[in-house]
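So you can see what is in the structure, the chains are spelled out below.
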Amino acid sequence: MKLEEQLNKDFFKQFKSADDLNDFLSLIQKRGIEQLLEGELDAHLGYSKNQISEVKNNRNGHTSKLIKTSFGEQEINVPRDRDASFNPMIVPKRTSMVDGIENVIVSLYAKGMSNSDIEEQIRDVYNFDISTSTISRITDRITSDITAWQNRPLDSTYFIVWMDGISFKVREGSRVVNKTIYIAIGLQKDGLKEVLGLWLGKNESASFWMSVLTDMKSRGVEDILITVTDNLKGFTDAIIAVFPESTTQICVVHQIRKAMKYVSAKDKKEFTKDMREIYTAPTKEAARAAFDSFSKKWNNKYSYAVKSWENNWENLTAFFDYPVEIRKIIYTTNLIENLNGKIRKYTKNKLSFPTDEAVIKSTYLAIREATKKWTKPILNWGIIYN
């Protein structure tokens, strides 16, 4: 009979409740950790237990340590060496938690839970207490990861880069002010998406975007074929200053929203339908003809809305220079707005952030959670690549 069948039939019969099984698994984990620690000490000393060695440093008994694991608190025996140079990786000195619990805490924080909520969740699930200050120290360790990620080298060329900002309330001295996280997503040559970075500044401005673009260039970006942005004043000029050969596309969805601000409720449905005729036209010439009809119909009533199309026409219609298969991903920032929506979902419980570092940390962790499934190229990538 196979071992698995034997275990299913006989082995688990000895456990009368879930608590019995949990106690057994806890014991297995305790012994496993202790054996791993012994193995780490063997590697540190350079010889196994009971072997004869000329190395001056050698074993020096054990010390007990109370640790927190996914099975609750456990007391383990940690091996020592004579010169006290051994610092195990699985349970480092001056720490009392194994990586599994720390990963759980970081994951809960990334999903928007407050430190006090995490404290309560850990107590309920794992049956031990952990202070909010400890939780803060654990999540603060992510800062070094953020620094490394933010300064990593980037590819020399990106086919498309979508750029947008998301605002948060952050405490600054005795006031709570609005600040913007600037986010850029790049489309790589293999069709995969990559968040290129996040930058914190005051309210969204073209001058700050200039510093973002300059930072991307300093990290190795030589060329962006197409940029997709909102119609923030001066944004296009900032892009051209840093990447002069890039095609600049203003997001049509942002343009629609901007134009609709000037339209009364009773006209919105018909007005929206007429705008759709412009950006869904088969060619740039057909789009211009649709716009002329749109202008003739609505200019007297909503001149500001019509003028907003006219003033940005070249940057609103750049996508017509490309095949139908790729147009939709060019003329909207939907991709980055979807990411912003997930960031909002993970940070909605935080009405304001105490520091700049706190908002950056939360946004970074939210991005890490939201992009875990970014493993497939954009659809019809072969056609788009050609």
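Residues numbered from 1 in each chain as written. Predicted model: local features only at pLDDT ≥ 70, side-chain atom pairs only at ≥ 80, totals over all residues. Heavy atoms only, no water.

It is worth spelling out the overall build of the protein at this point. Scanning the protein from N- to C-terminus turns up 17 helices and 7 strands. The proportion of buried residues among the 386 residues of the protein is 45%. Considering only residue pairs separated by 6 or more positions, the protein has 63% of its internal contacts joining residues 24 or more positions apart. For the protein, the exposed surface amounts to about 21,300 Å²; the carbon and sulfur share of it is 51%. (Helix = DSSP H or I, 4+ residues; strand = E, 2+ residues; numbered from the N terminus. Buried < 20%, exposed > 50% of the residue type's maximum accessible area, 1.4 Å probe, protein only. Contact = heavy atoms within 4.5 Å. Areas by Shrake-Rupley, 256 points an atom, 1.4 Å probe, with all protein chains shown as cover.)

The first and last C-alpha atoms of helix α10 (residues 268-279) sit 17 Å apart over 12 residues, in line with the 16 Å expected at 1.5 Å per residue. For α10, the complete set of buried residues consists of F271, D274, M275, I278 and Y279. Across the axial projection of α10, the buried residues extend over an arc of 140°, all falling on one side. For α10, the exposed residues set more than 90 degrees away from the buried face come down to K269 and K273. Elements in contact with the buried residues of α10: α9 (252-260), α11 (284-298), α12 (303-311), α13 (313-316) and α14 (324-331). (Expected span 1.5 Å × (residues − 1). Arc of directions from axis to C-beta.)

With that out of the way, let us pick up the layout of surface pockets. Where empty space is left in the structure can be found by rolling a water-sized probe over the atoms. In this structure, the largest pocket spans a volume of roughly 510 Å³. Along the walls of the largest pocket sit 19 residues, with K193, I329, L335, I378 and L379 positioned nearest its centre. Looking at the lining of the largest pocket, the elements that each hand over two or more residues are α14 and α15 (334-347). Examining the composition of the lining of the largest pocket, we find that 5 residues originate from one element, α15, more than from any other. Of the residues belonging to the lining of the largest pocket, the class tally is 10 nonpolar, 4 polar and 5 charged. In this model, the second largest pocket occupies a volume close to 220 Å³. Secondary-structure elements contributing two or more residues to the lining of the second largest pocket are β3 (157-172), β6 (223-229), α14 and α17 (381-385). Counting residues per element, the lining of the second largest pocket draws most heavily on α17, at 3 residues. Of the residues belonging to the lining of the second largest pocket, the class tally is 11 nonpolar, 1 polar and 1 charged. (1 Å grid on protein atoms, 1.4 Å probe; cavity = no way out; pocket = protein on both sides within 12 Å on 5 of 7 lines; lining within 4 Å. Points joined across faces, edges and corners; volume = space filled by probe spheres on them. Nonpolar A, V, L, I, M, F, W, Y, C, P; charged D, E, K, R; others polar.)

For the rest of this paragraph, the subject is the sheet that holds strand β4 (residues 175-187). Ordered by their spatial adjacency, 5 strands build an open sheet running β5-β4-β3-β6-β7, and the pairing between neighbours is mixed. Because the sheet does not close on itself, it has two edges, and the strands there are β5 (193-201) and β7 (247-250). When strand polarity is set aside, the average angle formed by the axes of neighbouring strands in this sheet is 25°. Contacts from α14 reach β3, β6 and β7 within the one sheet, and its direction differs from that of β3 by about 20°. Across the sheet, helix α16 (residues 356-370) is in contact with β3, β4 and β5; its angle to β5 comes to roughly 165°. (Pairing = 2+ DSSP bridges. Axes fitted to C-alpha atoms, helices over the stretch in contact; angles between N-to-C directions.)

Okay, the environment of E120 next. With respect to the helices, strands and loops of the structure, E120 is situated in helix α4 (residues 115-126). In this structure the C-alpha to C-alpha distance between E120 and I130, which are 10 residues apart in sequence, comes to 8.7 Å.

Within the protein, residue pLDDT values average 83, and 83% of them lie at 70 or more. The lowest-confidence element of the protein is helix α1 (residues 3-9), averaging 55 in pLDDT; the highest-confidence one is α11, averaging 96. (pLDDT = per-residue confidence, 0-100.)

Once that is clear, we can look at α12. Looking at α12, one finds that the buried residues are A305, V306, S308 and W309. An end-on view of α12 places all buried positions within 150° of arc, on one side of the element. Projecting away from the buried face of α12 at angles above 90 degrees are the exposed residues Y304 and N311. For α12, the elements touching its buried residues are α9, α10, α11 and α13.

Let us look at the environment of K49. On the secondary structure map, K49 appears in the loop between α2 (18-45) and β1 (59-69). A relative accessible area of 48% means that K49 is categorised as partly exposed. Separated by 10 residues in sequence, K49 and G39 have C-alpha atoms that sit 9.3 Å apart. Once residues within four sequence positions are removed from consideration, K49 is found in contact with D42 and R59.

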